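These are the residues of each chain, in order.
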Amino acid sequence: MVKKSLKLGVALAASIAFTAPVFAKDSSKPIKIPTHNWSSQVVMAYVIGGIFESMGNNVEYVSSDSQAVYEAIRNGDVTLSHEVWQSTFGASFYNAMAKGGVIDAGTHEAATLEEMGVPGYVIENNLCPGLPNWEALKNCPEVFATPDSGGKGRWLEGPQSWHGDLMPVRLEALGLGDKYTVKFAGSADAIWAELASAKKENRGIITFNWSPNFTDADGFVFLEFPEFKPGCRKADGGDGSCGSPKGWLKKAANYQFPKTHPAAYTAFSKLSFSTKQIGQMAALVDVDKLSHQDAAKKWLADNEAVWKAFVE
Ligand code: TMO
């Protein structure tokens, strides 16, 4: 009895000492990667798909709603999400997790912010003195008025599918409802087009934006609202006047992914991108005008040392 357990102990020690990871074979079933409607997310989808393919895996891309995707991951229609932004998707992610079937596959190095803001020249040229403090907005709605804003200042929100009535609720909660109104852009591209035309005219403009993004490189300034605290949003029982959290960027997966594709899951778990790397992925499309697929190919070719570390 004593001898037996000693032998077992020795065998165990030997296997720990000499075992580099040996992966069970990944299933040949495709790993389903979602694509949404902002550039870094789509480029990163193809970057991660390219990494999986380099490991011999099959990949499928699924165009998905960015809120509903967490339920799709939970029930296995989609395998993973590689950009879970805390402010916009944190609630849907944890709701799906609580129902059972979604796992947290780690956090990117990049911290995130998803917030209303202004281009740098709005501050530099003092178009609304006191910005980026939100209270300055009370004194200059006319600076941000547009032909469709009924004489009020306009907040140009992203597509409504991202976070519903978050900004209209905030605007009212801050007491700005008489002076400002929220318009939803049809696409991220519509925001970039509006920012470009406002810049040409040195015109005041307030838009939703986020970091990491290609705009990190040209001095977009986020407005400073009352500090985010858990529970401050209307959906969480608060009055909704708070700004967005300085948040995390996580990865999510269906609970079976580690079992069906252990090598791919291990790589996905290790994978982490920085603010600069994610900004580059967006810039290849939004500044350099490559297709998402070509941007991913270029990014993979230019950054082999970065992603090879995830597959070793
Ligand atoms: C979800 N987004 C990154 C566009 O804010």
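Small disclaimer: the values here were computed from a predicted structure and weren't measured.

Parameters at a glance
- Residues numbered from 1 in each chain as written.
- Predicted model: local features only at pLDDT ≥ 70, side-chain atom pairs only at ≥ 80, totals over all residues.
- Heavy atoms only, no water.
- Helix = DSSP H or I, 4+ residues; strand = E, 2+ residues; numbered from the N terminus.
- Polar contact = N/O pair within 3.5 Å; in protein donor to acceptor, adjacent residues only side chain to side chain.
- Contact = heavy atoms within 4.5 Å.
- Disulfide = S-S within 2.5 Å.
- Buried < 20%, exposed > 50% of the residue type's maximum accessible area, 1.4 Å probe, protein only.
- Near = heavy atom within 4 Å.
- Areas by Shrake-Rupley, 256 points an atom, 1.4 Å probe, with all protein chains shown as cover.
- Nonpolar A, V, L, I, M, F, W, Y, C, P; charged D, E, K, R; others polar.
- Domains from an automatic or database assignment.
- Buried area = accessible area lost by both parts, 1.4 Å probe.
- Salt bridge = Lys/Arg side-chain N within 4 Å of Asp/Glu carboxyl O.

**Regarding the side chain of S87**
Within the secondary structure layout, S87 lies in helix α4 (residues 86-99). Here the side chain of S87 touches R233 through a polar contact of 2.7 Å, side chain to side chain. Every residue in contact with S87, bar those within four places of it in the chain, is listed here: E114, R233, S244 and P245.

**Thoughts on the state of the cysteines**
Summed over the entire model, instances satisfying the criterion amount to two disulfides. A sulfur-sulfur distance of 1.8 Å marks the disulfide that ties C128 to C140. One end of the pair, C128, is in the loop between α5 (120-124) and β6 (153-157); the other, C140, is in the loop between α5 and β6, and twelve residues separate them in sequence. When sorted by exposure, C128 lands in the same class as C140, which is buried. Sulfur-sulfur distance for the disulfide between C232 and C242 comes to 2.0 Å. Between C232 and C242 the disulfide shows an S-S torsion of about 75°. By sign, it is right-handed. Placement of the pair is C232 in the loop between β9 (221-222) and β10 (249-254) and C242 in the loop between β9 and β10, with a sequence separation of ten residues. Like C242, C232 is buried.

**Regarding the site of the ligand**
As a matter of local geometry, the ligand sits amid W38, W85, F89, E114, W162, F208 and W210. Measuring from an oxygen atom of the ligand, one finds a side-chain N or O atom of E114 at 2.6 Å. Protein chains bury 100% of the 210 Å² of accessible surface belonging to the ligand in isolation. Its residues placed into classes, the shell around the ligand shows six nonpolar, no polar and one charged. Looking at the shell around the ligand, you find at least three residues from each of domain 1 (26-111 + 247-311) and domain 2 (113-236).

**Thoughts on the domain arrangement of the chain**
Per the domain assignment, the segments of the chain are domain 1 (26-111 + 247-311) and domain 2 (113-236). The straight-line distance from the C-alpha centre of domain 1 to that of domain 2 is 28 Å. Of the residues lining the interface, 19 residues belong to domain 1; the matching set on domain 2 comes to 16 residues. Counting each side, the surface lost to burial between domain 1 and domain 2 is near 1500 Å², with a carbon and sulfur contribution of 52%. Taken together, the links from domain 1 to domain 2 amount to zero salt bridges. Counting every contact that joins domain 1 to domain 2 gives six residue pairs in polar contact (both at pLDDT 80 or more). Those elements that provide at least two residues to the side of domain 1 that touches domain 2 are α4 and α11 (275-286). Of all the elements, α11 adds the most residues to the side of domain 1 that touches domain 2, at six residues.

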